[in-house]
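A look at the structure
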Amino acid sequence: MGKQNRRRRTGRAARTDGPALDATAVSSDPERIADAITAAAVASAQGNAVAVQRFIEQLAGSGPLTYELADGVRLAGQRIVDRVFRYGWLPMDVHQVARRRVDEFAVGYLTDVMAAHLAPFAPELVDETWRAQLDELAARTWWAGAQPHLIQWATRQLLSNTEAVTTVVAALALLVGLPKLELIRPLPGSANVHPATHHGVDEKVLGRVRGLLAKAESTSFPEEAETLSAKAQELMTKYALDRVLVDADTAVPDLPGARRIWLDTPYVEAKALLVEVVTRANRCRAIFVAAWEFMTVVGEDSDLDAVELLATSLLVQATRAMIATGNQTIRSDESRSRAFRKAFLTAYATRIGERLAAANESTIAESADPARLLPVLASRQRTVDEAFDTLYPAVRSRGITIRSAEGWEAGLEAADRARFQGHSAKR
């Protein structure tokens, strides 16, 4: 950016945010404090660190945190998190992006803000996904009503006034910079009081699958890990196919839903490919949002359960295989390079995808009534495709650049050693 552009940008920021960042003019009015906190979060997101820090120090002061300040912070937090939720972000999405970009104090603060946001809604008016995610985050309104949340939270975390307000502004700055996403679950208060029944995987089947995947993740033998994973895929596929035939006769099939799967750096593109092949093997569609490191998967509930379980486990196993290969003394120094590891994971995902597809074809062929099953599967796939195209009407495909032939070959070898025989095993 040139000097003139920088001056123009700075000038605009000063005219927009300057008056609102004068703490002396807002210190006794919660509404104006909320507006100022919001303006500070926007300025912080834009990189105006000096002005924001000066404002925070003025606002926090040297005495005890005031009730007016705490109330202003509460108003700002609720307004911003409400906007984020209306932009399609779910509680777990907020947590995942926060743990990547702000410190643990800001993560905890945002968890509390989300708990406070949900507190006024009757449980039956909150979608089950929201309730499950908040439970997983242990989000609850733990603070007593005698004092505002900010004061109790700062005391609990042993934060000074300035540290507490700095953390709040950093957390809210993250939220104001989040883009608009697709709304994949109903907002709190708008959930159907009598929602349609959604069929996840039977808990007994899930228990067996989790047991197989836990063994796969704990073993130090790649062949055993992949065979156990194949058996888990087989169980999920057989269960899904049985459900398809039952639903075709006795019930209206579920409408497709959607979930987000977050990926950890590094090599997120290669990891996204691994999730993609698991997605295809389980009759779903997925899109990778590279800028924010997550994938959205569209499909029916039981298939989404399978994708989450298997993809999460295979990511662990693939990373372990990659590190083990790179640590072998017979390998060259390249085997510990970034290019090698990215190529390894990409090749691993490619070959695993081929083997999952072959295992699925075999499972369908061995089913009780494949001639009846195939048209039902095709019809349900069209339903998933339509739901995906509605959410994402303009999807672009892009490839992954590979710069290590040695890494590619090692990834293929690791996947080949899997000996995916699980589809022929008997229950």
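Residues numbered from 1 in each chain as written. Predicted model: local features only at pLDDT ≥ 70, side-chain atom pairs only at ≥ 80, totals over all residues. Heavy atoms only, no water.

**A few points about the overall build of the chain**
Broken down by element type, the chain carries 16 helices and 3 strands. Across the 427 residues that make up the chain, the buried fraction comes to 48%. Considering only residue pairs separated by 6 or more positions, the chain has 79% of its internal contacts joining residues 24 or more positions apart. For the chain, the exposed surface amounts to about 20900 Å²; the carbon and sulfur share of it is 53%. (Helix = DSSP H or I, 4+ residues; strand = E, 2+ residues; numbered from the N terminus. Buried < 20%, exposed > 50% of the residue type's maximum accessible area, 1.4 Å probe, protein only. Contact = heavy atoms within 4.5 Å. Areas by Shrake-Rupley, 256 points an atom, 1.4 Å probe, with all protein chains shown as cover.)

**Here we look at the sheet that holds strand β3 (residues 294-299)**
In spatial order, the strands read β1-β3-β2; together these 3 strands make up an open sheet with antiparallel pairing. If you trace the sheet from one side to the other, it starts and ends with β1 (257-262) and β2 (285-289), each paired once. Strand-to-strand twist of the sheet, defined as the mean angle between neighbouring strand axes without regard to direction, takes the value 20 degrees. In this sheet, β3 lies alongside β2 in antiparallel orientation, the contact comprising 5 bridges. Within β3, the position partnered with Arg285 by the bridge is Val298. (Pairing = 2+ DSSP bridges. Axes fitted to C-alpha atoms, helices over the stretch in contact; angles between N-to-C directions.)

**What to know about the nonpolar core**
Judged by nonpolar contacts, the single largest core of 75 residues is most densely connected at Ile37, Phe55, Trp89, Tyr109, Leu172 and Leu175. Counting residues per element, this core draws most heavily on helix α9 (residues 161-176), at 10 residues. If you look at the next biggest cluster of nonpolar residues, it comprises 45 residues, including Leu213, Ala225, Tyr267 and Leu274. (Core = buried A, V, L, I, M, F, W, Y, C linked by side-chain atoms within 4.5 Å.)

**A closer look at the packing of aromatic side chains**
According to the stated counting rule, one finds 10 aromatic pairs in the structure shown. Between Trp89 and Phe294, the ring centres sit 6.3 Å apart and the planes meet at 75 degrees, which makes this aromatic pair edge-to-face. Here Phe294 lies in strand β3 and Trp89 lies in the loop between α4 (67-86) and α5 (91-101), a separation of 205 residues in the sequence. Each residue in the set Trp89, Trp262, Trp292 and Phe294 is aromatic and connected to the rest through ring pairs, giving one cluster. When the ring centre of Tyr87 is taken as origin, the NZ or CZ atom of Arg83, which lies over that ring, is 4.3 Å away. (Phe/Tyr/Trp six-rings, centres within 6.5 Å; stacked < 30°, edge-to-face > 60°. Lys NZ or Arg CZ within 6 Å of the ring centre and 35° of its normal.)

**Things to note about helix α3 (residues 49-60)**
With 12 residues, α3 extends 16 Å from end C-alpha to end C-alpha; this agrees with the ideal 16 Å at 1.5 Å per step. Close packing links the buried residues of α3 with α2 (30-45), α4 and α9. Remark: Gly61 follows α3 within two positions and exhibits a positive phi of approximately 70 degrees. (Expected span 1.5 Å × (residues − 1).)

**Quick look at unusual backbone geometry**
The linkage connecting Thr265 with the following residue, Pro266, adopts the cis geometry, with an omega of 0 degrees. Considering the arrangement of structural elements, one finds Pro266 in the loop between β1 and α12 (268-281). Residue Leu158 is not a glycine yet carries a positive backbone phi of 60 degrees. Here Leu158 shows up in the loop between α8 (149-156) and α9.

**Topic: the pattern of salt bridges**
Oppositely charged side chains can pair when the atoms bearing their charge come close. Here the structure, examined in full by the defined rule, presents 19 salt bridges. Note that Arg99 and Asp264 form a salt bridge whose closest N and O atoms lie 2.8 Å from each other. Residue Arg99 is found in helix α5, and its partner Asp264 is found in the loop between β1 and α12; the two are separated by 165 residues along the sequence. On the basis of relative accessible area, Asp264 is assigned to the partly exposed category, the value being 38%. Beyond isolated ion pairs, a larger network of salt bridges with shared partners links Arg99, Arg100, Asp264 and Glu293. (Salt bridge = Lys/Arg side-chain N within 4 Å of Asp/Glu carboxyl O.)

**A look at the confidence of the model for the chain**
Per-residue confidence for the chain gives a mean pLDDT of 82, with 80% of residues at or over 70. pLDDT under 50 marks residues 1-19. Its contacts with residues more than four places away, or in other chains, come to 9 contacts. Scored below 50 in pLDDT, residues 193-197 makes 3 contacts in the model with residues more than four places away or belonging to other chains. (pLDDT = per-residue confidence, 0-100.)

**Topic: the pairing of β3**
Counting buried positions along β3 yields 6 of 6 residues, so the element is predominantly enclosed. Covered by surrounding structure in β3 are Phe294, Thr296 and Val298 together with Met295, Val297 and Gly299, the residues of both alternating faces.

**Here we look at the environment of Thr237**
Position of Thr237 among the secondary structure elements: in helix α11 (residues 222-250). Thr237 gets classed as buried once you look at its relative accessible area, which sits at 1%. Placed 66 residues apart in sequence, Thr237 and Asp303 show a C-alpha to C-alpha distance of 8.6 Å. Side-chain polar atoms of Thr237 contact the side chain of Gln233, separated by 2.8 Å. (Polar contact = N/O pair within 3.5 Å; in protein donor to acceptor, adjacent residues only side chain to side chain.)

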